[in-house]
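Structural characterization, general
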Amino acid sequence: MKKFSAFLVLLIFSTLAVSAQIKTPVKWAYAAKKINNNEAVLLIKATIEKGWHIYSQNIKPGGPVPTSLTFTKSTDYTPLGKTTEPKGISHFEKVFDMDVVYFENEVVFQQKIKLNKATTAVKGTIEFMVCNDKECLPPDEVNFNIPIK
C-alpha cells in the first residue's frame, strides 16, 4: 500500500509539473550581414511552432499586439528606415473583429543600419504576441545582442 501511495503522489506531481510548463512556441535567431564598410543588414528570424503564429508590425489599433523591434541608441550605429518584413497572411479574426496580418512557421525581419564604427554590437528588444486557433499567450519581450564584425 505504501508503494502504491508513493506512486500516486509521484504521478500527481508529474502531471502538475507537465501542465505547468511555460509555452514558448517562438524561437529567435539573429545575424548581421555587412553590405560594405558603412552599412549592414540585421536579420532577425522567428521560428514558430506548427499551429501558432505571430503578428505583423503593421496591425491597426484594437487588434492583437503587433511585433515591434526597438533598437538601443548607440553612437556606433544608426538604424536606416523602418524594419522590413515579408508579406504575411491576411485573415479576418473574429476575436479582434478585424483583418490582421500574421506569420506562420518562420519570418525574417530586416533592419538596415549605418555603421559609425567597424565592429560593434546592436542591442534591442522584440515585443510580440503569439496565438493559435484556441488561445493567445500574453505579449512577450525578448532582448537581443547582434555582433557586427
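Quick summary incoming for the structure in this document. (Residues numbered from 1 in each chain as written. Predicted model: local features only at pLDDT ≥ 70, side-chain atom pairs only at ≥ 80, totals over all residues. Heavy atoms only, no water.)

Here we look at the pattern of salt bridges
The full count for this structure, using the stated rule, is three salt bridges. Between Lys23 and Glu135 there is a salt bridge, and its shortest N-O distance comes to 2.5 Å. Of the two residues, Lys23 is situated in the loop between helix H1 (2-19) and strand S1 (26-34) and Glu135 in the loop between strand S10 (130-131) and strand S11 (140-148); the sequence distance between them amounts to 112 residues. By relative accessible area, which is 44% here, Lys23 ends up partly exposed. In this structure, Glu106 engages Lys45 in a salt bridge whose closest nitrogen and oxygen atoms are separated by 3.4 Å. Here Glu106 is found in strand S8 (residues 106-115), whereas its partner Lys45 is found in strand S2 (residues 39-48), with 61 residues between them in sequence. With relative accessibility at 46%, the residue Glu106 sits in the partly exposed group. (Salt bridge = Lys/Arg side-chain N within 4 Å of Asp/Glu carboxyl O. Helix = DSSP H or I, 4+ residues; strand = E, 2+ residues; numbered from the N terminus. Buried < 20%, exposed > 50% of the residue type's maximum accessible area, 1.4 Å probe, protein only.)

A word on the sheet that holds S11
The three strands lie next to each other as S4-S9-S11, forming an open sheet whose pairing is antiparallel. Looking at strand neighbours, the two that pair on one side only are strand S4 (68-71) and S11, the edges of this open sheet. Across the sheet, the mean angle from the axis of one strand to that of its neighbour is 25°, orientation sign disregarded. Sheet topology note: the S4/strand S9 (residues 120-128) ladder contains four bridges and is antiparallel. (Pairing = 2+ DSSP bridges. Axes fitted to C-alpha atoms, helices over the stretch in contact; angles between N-to-C directions.)

Let's talk about the pairing of S1
Of the strand pairs in this sheet, S1 and S2 are connected by nine bridges, and their pairing is antiparallel. By the bridge assignment, Ala31 is partnered in S2 with Leu43. Where S1 hands over to S2, the hairpin turn is made up of four residues, counted between the paired strands.

Some thoughts on the sheet that holds S1
Within the open sheet, the four strands sit side by side as S1-S2-S8-S5. Their pairing is antiparallel. Lying at the two open borders of the sheet, with one neighbouring strand each, are S1 and strand S5 (77-84). Adjacent strand axes in the sheet meet at a mean angle of 25° when their direction is disregarded. Pairing of S5 with S8 involves five bridges; the strand directions are antiparallel.

Observations concerning the nonpolar core
Residues Trp28, Ile44 and Ile54 are the most contacted members of the largest nonpolar core, which totals 26 residues. At the level of secondary structure, the elements contributing two or more residues to this core comprise S1, S2, S4, S8, S9 and S11. If you tally residues by element for this core, the top one is S2, at five residues. Sequence-distant contacts of Ile54, that is, excluding residues within four places in its chain, are made with Val26, Trp28, Ala46, Ile48, Thr67, Tyr102, Phe103, Val107, Phe109, Phe128, Met129 and Val130. (Core = buried A, V, L, I, M, F, W, Y, C linked by side-chain atoms within 4.5 Å. Contact = heavy atoms within 4.5 Å.)

Some points on the packing of aromatic side chains
As enumerated under the stated definition, the model contains seven aromatic pairs in all. Summarising the aromatic geometry, the rings of Tyr55 and Phe96 are spaced 6.3 Å apart at their centres and angled 90° between planes, so their arrangement reads as edge-to-face. Placement of Tyr55 in strand S3 (residues 53-55) and of Phe96 in the loop between strand S6 (89-93) and strand S7 (98-103) is noted, with a sequence separation of 41 residues between them. As far as the burial class goes, Tyr55 and Phe96 line up, both buried. (Phe/Tyr/Trp six-rings, centres within 6.5 Å; stacked < 30°, edge-to-face > 60°.)

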